[in-house]
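# Structure assessment
Spelled out, the chains give:
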Amino acid sequence: QVQLVESGGGLVEAGGSLRLSCAASGNFRSVNSMAWYHQAPGKQRELVARMTNGGTITNGSSMRSRFTVSRENGKKNTLLLDLTRATSEDTGVYYCHAQISPRVGSFFPYWGQGTQVTVSS
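These numbers were taken from a predicted model, which means no experiment stands behind them.

Next up on the list: the overall build of the protein. Assigned secondary structure in the protein consists of zero helices and eleven strands. The globule rule puts the C-alpha radius of gyration for 121 residues at 14 Å, and the 14 Å found for the protein is close to it. Across the 121 residues of the protein, 41% fall into the buried class. Sequence separation of at least 24 residues holds for 52% of the intrachain contacts in the protein that already meet a minimum separation of 6.

Right, let's get into the packing of aromatic side chains. A full pass over the atoms with the stated rule returns two aromatic pairs. Geometrically, the ring pair formed by Y95 and W111 is edge-to-face, given 6.3 Å between the ring centres and 90° between the ring planes. You can see Y95 sitting in strand β9 (residues 92-103) and its partner W111 sitting in strand β10 (residues 106-111), a full 16 residues away along the chain. Taking the relative accessible area as the measure of exposure, Y95 reaches 14% and is therefore buried. Within the aromatic cluster, the residues linked to one another by ring pairs are Y37, Y95 and W111. Lying over the aromatic face of W111, R45 brings its terminal NZ or CZ to 4.6 Å of the ring centre.

Okay, the pattern of salt bridges next. For the structure shown, the criterion picks out four salt bridges. A salt bridge links E89 to R64; the nearest nitrogen and oxygen atoms lie 3.0 Å apart. On the criterion of sequence distance, the pair formed by E89 in the loop between β8 (78-83) and β9 and R64 in the loop between β6 (57-59) and β7 (67-70) is long-range, its members being 25 residues apart. Given the relative accessible area of 28%, R64 is considered partly exposed. Across the pair R66 and E89 runs a salt bridge, and its minimum N-O distance is 3.3 Å.

Criteria and thresholds
Residues numbered from 1 in each chain as written. Predicted model: local features only at pLDDT ≥ 70, side-chain atom pairs only at ≥ 80, totals over all residues. Heavy atoms only, no water. Helix = DSSP H or I, 4+ residues; strand = E, 2+ residues; numbered from the N terminus. Rg over C-alpha atoms; globule rule 2.2 N^0.38 Å. Buried < 20%, exposed > 50% of the residue type's maximum accessible area, 1.4 Å probe, protein only. Contact = heavy atoms within 4.5 Å. Phe/Tyr/Trp six-rings, centres within 6.5 Å; stacked < 30°, edge-to-face > 60°. Lys NZ or Arg CZ within 6 Å of the ring centre and 35° of its normal. Salt bridge = Lys/Arg side-chain N within 4 Å of Asp/Glu carboxyl O.

This is the structure we're talking about:
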C-alpha cells in the first residue's frame, strides 16, 4: 500500500517561514513525479510545482518567487516546499501529489491527506 505522508503545516506569522515535507512510502517500484498543490479557502486546488524523477521542476499558477521546491537529502521519494516571507495569500491546505509506479509500465496518482497552513497578520 502506497502512502503520502505530509508534515510541517501550522500557524505562521506574516513574513515568517515554513517548511512542508512529503514522503512516499510503501511497496512500489518508482516515483515518476511529486508535486505540491495549494487550495485556498473557497477556491479550487491549484498546482504550486511538480518535480519529476529526473529533477525537472514545472511551476504552477500558485508558485511564488518566495517558494522553493526541493528533495530531502536528494531522496526521490520526498518533496519539500519552503515558504518564506509568508503572506495571507499562502493560507490554505497544501496537498502532496505523486505519480507512482507499482510495477513496470503503469503509474497511478496518489494524494496526501493535506496539511493546513495559516498565516496570521
